[in-house]
Amino acid sequence: MIQLVKKLDIKSFDGVIRCVSEDMSHEKIGNLTLSTLKEKGVFEGKVGETYAMTTSEHGNFQEIILVGIGNEATFSTSKLRKGLGEAYKQLKSKKVKAIGVYTEAILSVCSMDKKIARVLGEVFIMSAYAFDDYKTDKKPSTIERIEIEGSEMDQVAFDEGKILGEANVFSRHLTNMPANVMTPEKLSLLAKEHLDQTDIEVEIKGLNEIEALGMHAFLAVAKASTNTPKLIVMRYMGNPSSDQRIAYVGKGLTYDSGGLSVKPTASMLNMKDDMGGASAVIAAMGAIGKLKPKVNIIAIVAACENMISGNSYKPGDIIQSMGGKSIFIGNTDAEGRLTLIDAVTYAIEKENATFVLDIATLTGAAIHCLGSEAAPVVSNNDDFYAHVEKAFEKADERIWRMPIFDEYKALVKHEQADLTNSAGSPGTITAGIFIGEFVKDVPWVHIDIAGTAFIEKAVGAFSKGGTGSGARALVYLAKKMSK
Ligand code: BES
Ligand code: ZN
Ligand code: ZN
């Protein structure tokens, strides 16, 4: 249970998180003052810094974690998240039952009161998530109650933050589930179940319907697997009188072995995560269904596995696509773009999308570009990009727009077919341009989350594995685009 309260009953907690600014000094903490800690050089209140101590000042044994928030010049909500996330994890490892959080210092260094309330709603839910479904000997958290003192905090924004935190966790959970369990069918069923309590219509199309739609590129990728593909369509019509329809298209490779252009084992290990785009859009739809913005969002996932069999598509093949362009297969590991182009064509032709956003763990090159700190973006529209950028900013996630030079556009062409699926370097941009060949003149943003969708080491509110990259931002975008 996480809630905002007017005043903390300090005696009722065995864990305390206290936000401390660099400017505070004479405040008492336990039986010390902050200036003592500063003089000793163990804690200065710098943003993101934490310091653990124990007191029995209130008659009971209390674990206290100080979280630095810096000053007006250095404060950032993303570093605050990191500090609070670390503090939560420290208290979890100390097995506390109830946490009281003092936040009054935050509003002394920043005026983003709504944003802070949202961050506080999100961050403890995000920090509490652990992927332990398959552990026989689970170590459940002892934390039962978190109370945050914040009489000036915006309750609506805080509650919204909790919904967004849950969306982040759900997205991470979908990403983390192993591919032997998370098949295309399982993903479709979980999407349906997740959206069951909302007004969102979920339609799951199987092999026959996908064939009837002429989704040849999607089918080429899917055909080697005995787990058949599913086209998952989720329709949220929050503004039925408007013609505006925003399509969220998420890459849904529940496993990517590389196909005949097989990946080495080390590169395959994380390829259950190749549906991070799908998990972001499905989780975002869950939150959109709860928050009900006045906007129409159609989310689409072309879910399949990229496997190896006698029926695999092959390097050197020339295949067709729903959009009518032929494609030379230079590499069967460049499969995501093939599933995405048919999903994008479906969104525009069959669902009348007037905006398209696709989000995908698309290229290893994205990791070379920006590492795990930001997701590269390719877009054909400045205004739509500006909205997307703001939405990601609100979620404290970074995106970075890449250029589309004419010379890059030429690289996706092929002498024997209309296009090639492996145009080469710069790999992230040419992959984006390839998808752009199918969006016609619809405003479009493509986000490559290969570097941000999962992490190898826990940090802040995140554990190792899926990060839920994009899930919260897509909810913010839906709100921004609402009328
Ligand atoms: N799913 C991978 C991209 C990826 C790599 C995601 C690492 C997350 C971490 C994608 O399908 C892929 O294999 N792309 C190839 C494309 C190339 C063959 C043109 C790549 O990036 O190497
Ligand atoms: Zn691949
Ligand atoms: Zn892939």
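Residues numbered from 1 in each chain as written. Chains lettered and ligands numbered in written order. Predicted model: local features only at pLDDT ≥ 70, side-chain atom pairs only at ≥ 80, totals over all residues. Heavy atoms only, no water.

Enquirer: Help me understand unusual backbone geometry, please; the structure alone is not making it clear to me.
Expert: The phi angle of most residues is negative, glycine excepted, and most peptide bonds adopt the trans form. With an omega of 0 degrees, the peptide bond between S425 and P426 qualifies as cis. Despite not being glycine, K95 shows a phi value in the positive range, around 60 degrees. Phi at K440 takes a positive value of approximately 55 degrees, unusual for a residue other than glycine. Within the fold, K440 resides in the loop between helix 15 (427-436) and strand 19 (444-448). We classify K440 as exposed; its relative accessible area is 54%. (Helix = DSSP H or I, 4+ residues; strand = E, 2+ residues; numbered from the N terminus. Buried < 20%, exposed > 50% of the residue type's maximum accessible area, 1.4 Å probe, protein only.)

Enquirer: Help me understand the domain arrangement of the protein chain in this model?
Expert: Frequently, the measure chosen for interface size is the accessible area that the parts lose on association. Segmenting the protein chain into domains produces domain 1 (2-153) and domain 2 (177-481). Placing the centre of domain 1 and that of domain 2 at their C-alpha centroids yields a distance of 37 Å. Across the boundary between the two partners, domain 1 contributes 16 residues, which contact 15 residues of domain 2. When domain 1 packs against domain 2, the two sides together hide about 1300 Å² of surface, and 49% of this comes from carbon and sulfur. Counting across the interface, domain 1 meets domain 2 through three salt bridges. Between E122 and R472 there is a salt bridge whose closest N-O contact spans 2.6 Å. Scanning the region where domain 1 abuts domain 2 turns up ten residue pairs in polar contact (both at pLDDT 80 or more). Counting only elements with at least two residues in the side of domain 1 that touches domain 2, the list comes to helix 2 (77-93) and helix 4 (113-128). Looking at the side of domain 1 that touches domain 2, its residues break down into five nonpolar, four polar and seven charged. (Domains from an automatic or database assignment. Contact = heavy atoms within 4.5 Å. Buried area = accessible area lost by both parts, 1.4 Å probe. Salt bridge = Lys/Arg side-chain N within 4 Å of Asp/Glu carboxyl O. Polar contact = N/O pair within 3.5 Å; in protein donor to acceptor, adjacent residues only side chain to side chain. Nonpolar A, V, L, I, M, F, W, Y, C, P; charged D, E, K, R; others polar.)

Enquirer: Please clarify how the environment of A365 should be interpreted in this entry.
Expert: Looking at the element boundaries, A365 is found in helix 12 (residues 365-370). Sequence separation between A365 and A278 is 87 residues, and the spatial gap between their C-alpha atoms is 20 Å. Other than its neighbours up to four places away in sequence, A365 contacts G427 and T428.

Enquirer: Explain the nonpolar core to me, please; I cannot follow it from the model alone.
Expert: Nonpolar side chains in soluble globular proteins tend to be buried together. One finds L187, M234, Y248 and I447 to be the most contacted residues of the largest nonpolar core, which totals 58 residues. Looking at which element gives the most residues to this core, the answer is helix 10 (residues 276-291), with nine residues. Excluding residues within four positions of it along the chain, I447 makes contact with L357, D358, I359, A360, A375, P376, V377, V388, F392 and I399. Core analysis: the second largest hydrophobic core is formed by 53 residues, L37, F124, Y129 and I148 among them. (Core = buried A, V, L, I, M, F, W, Y, C linked by side-chain atoms within 4.5 Å.)

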